[in-house]
Amino acid sequence: MSTPFSTFVVKVASRCNLNCDYCYMYNLEDRTYRNQPAVLTDEVARNAAGRIAAHAVAHDLGAVHFIMHGGEPLLAGKRRIARIATIVRELLALHHVQVRFSMQSNGMLIDDEWIELLADHAIRIGVSVDGPREVHDQHRLDHFGNGSFDRVIGAIERLKSHPRGPEIFSNVLAVVDTDIDPEALLEFWDEIDVVGFDLSLPHANHLHPPPAPIEAYRDWLIAFFDGWFDRNKANRHVRYFENMMRMMFGCQISTDNIGGKPVDVLVIETDGSLEPTDAFKCCFDGVTKLGANLATTALDELADNPLIEAFQKGSAGLCKTCQSCEARDICGGGYMPHRFGTDGSFDHPSVYCGALKPLVHHIHGRIKDSLPAQMQGIAA
Ligand code: SF4
């Protein structure tokens, strides 16, 4: 296997207490979640830890990242999350493999007990919030059609004010909605006062286009970048932009949505199924089903699967247009699920190409312009 897996997105719960309109798990093309057990059992957690440990030892990995994911991961419940963390940490420690835990939550269930439990087990948590109430509640509704803004803001405040909150919480994640003024979102970010504000483009592709025209994403991303860049605050991070900038300075960034580096991510479902990243679910029903399960399949056996192989290839698997693109080393063809075309192949530029290429050029230009005059030449 050319790129060993070191990031494991593990579905500890396969249901959600929200019903977001853009959700790639439950509201796009794929309906296979209906056949998944609601939560990850101890047996699957033990199998996962065993397979991960064997893979890590075989590839000489000293550490792995275990992301507890859903659905909504907190629906797994406190005792189960504690048990999963304990099982995985103890089994990996036997093989001298360190594990870093994190989770992405909608925040609806956060209380003081959760904060203490997550801190006790060193599980970092990110909270999803899309912006001010009118934007957030347009998309992130519960199953009765009620907005979730008040509860998510309550969760963020609780995480910030709890004495152990800073041990586990430092970032929120927003799905880009071009209807919100980027400046208003930057002001909202200042109001909630959280250090990290990560962005995610709505999962879409050439068969299922994004909700707004591509030019709107181009203009929005550039305006949000400028607002963030010009504020120049040391305690405000946008990982999406910072990753692009790090790559422009020659850093090796491991991320699956930009950059085109080989991808090291594997998804483990609640029933132990092994799958590529969830975002593929925006392509067609059943796309992530590889027919492989932890119970019977070693992780190295996935190397021959065509979808895993293509996902792991990074830039080497890009279409001709991307291969010859001047933005390729930063953009990397965008996120592979976003390249899916009407011909049923991924042999296309990202559906967001018209936004990504201008964004890369814009960021490059802003960095270049910010350099002292005598250094402008080296960044040309
Ligand atoms: S900017 Fe477009 S053509 Fe260039 S690498 Fe990205 S998706 Fe491909």
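For clarity, every value in this text was computed on a predicted model and none was experimentally measured. (Residues numbered from 1 in each chain as written. Predicted model: local features only at pLDDT ≥ 70, side-chain atom pairs only at ≥ 80, totals over all residues.)

Going residue by residue along strand β7 (residues 265-268), you find V265 and V267 tucked away on one face and L266 and I268 tucked away on the opposite face as well. Of the strand pairs in this sheet, β7 and strand β8 (residues 274-275) are connected by 2 bridges, and their pairing is antiparallel. Bridge pairing in β8 places I268 opposite L274. Linking β7 back to β8 in an antiparallel pair, the connection comprises 5 residues, with G272 at a positive phi of about 90 degrees. (Buried ≥ 20, exposed ≤ 12 C-beta atoms within 10 Å, placed from the backbone. Helix = DSSP H or I, 4+ residues; strand = E, 2+ residues; numbered from the N terminus. Pairing = 2+ DSSP bridges.)

For N106, the location among the structural elements is in the loop between β3 (98-105) and α3 (112-120). Using a count of 25 C-beta atoms within 10 Å as the deciding quantity, one classes N106 as buried. With 90 residues separating them along the chain, N106 and C16 place their C-alpha atoms 9.1 Å apart. Every residue in contact with N106, bar those within four places of it in the chain, is listed here: L18, E72, S128, S148 and V152. (Contact = placed C-beta atoms within 7 Å.)

Further remarks concern the packing of helix α2 (residues 78-94) against α3. At a closest axis distance of 10 Å, the pairing of α2 and α3 adopts a crossing angle of 5 degrees. With respect to each other, α2 and α3 are oriented roughly parallel. Only E113, W114 and L117 of α3 make contact with α2, whose side of the interface consists of K78, I81 and A82. Within the contact of α2 with α3, the residues separate by chemical class into 4 nonpolar, no polar and 2 charged. (Axes fitted to C-alpha atoms, helices over the stretch in contact; angles between N-to-C directions. Parallel < 35°, antiparallel > 145°, perpendicular 65-115°, else oblique. Nonpolar A, V, L, I, M, F, W, Y, C, P; charged D, E, K, R; others polar.)

We now examine the sheet that holds β3. On the basis of which strands lie adjacent, the open sheet formed by 8 strands has the order β6-β5-β4-β3-β2-β1-β7-β8 and mixed pairing. Two strands in the sheet have a free side with no partner beyond their single neighbour: β6 (196-200) and β8.

Residues in contact with the ligand amount to 13 residues; listed here are only the nearest, C322, C325, C331, C353 and K357. Sorting the residues of the shell around the ligand by element identifies α11 (320-323), α12 (328-331) and α13 (353-370) as the ones contributing at least two each. It is α13 that provides the largest number of residues to the shell around the ligand, a total of 3 residues. Residues that form the shell around the ligand fall into these classes: 7 nonpolar, 4 polar and 2 charged. (Near = placed C-beta within 6 Å.)

The domain boundaries assigned to the protein chain delineate domain 1 (7-313) and domain 2 (320-379). For the side of domain 1 that touches domain 2, the secondary-structure elements that each account for two or more residues are α8 (214-231), α9 (239-248) and α10 (306-313). Counting residues per element, the side of domain 1 that touches domain 2 draws most heavily on α8, at 8 residues. Among the residues making up the side of domain 1 that touches domain 2, the classes are represented as 23 nonpolar, 6 polar and 3 charged. (Domains from an automatic or database assignment.)

This part covers the nonpolar core. Among the nonpolar cores identified, the biggest contains 95 residues, and F8, V10 and V12 are the most heavily contacted of them. Tallying contributions element by element places helix α1 (residues 42-58) first for this core, with 7 residues. Here this core spans two domains, and each of domain 1 (7-313) and domain 2 (320-379) adds at least three residues to it. When neighbours within four sequence positions are excluded, V12 is seen to be in contact with V39, L40, M68, H69, G70, P73, A76, I81 and I84. (Core = buried A, V, L, I, M, F, W, Y, C linked by C-beta atoms within 7 Å.)

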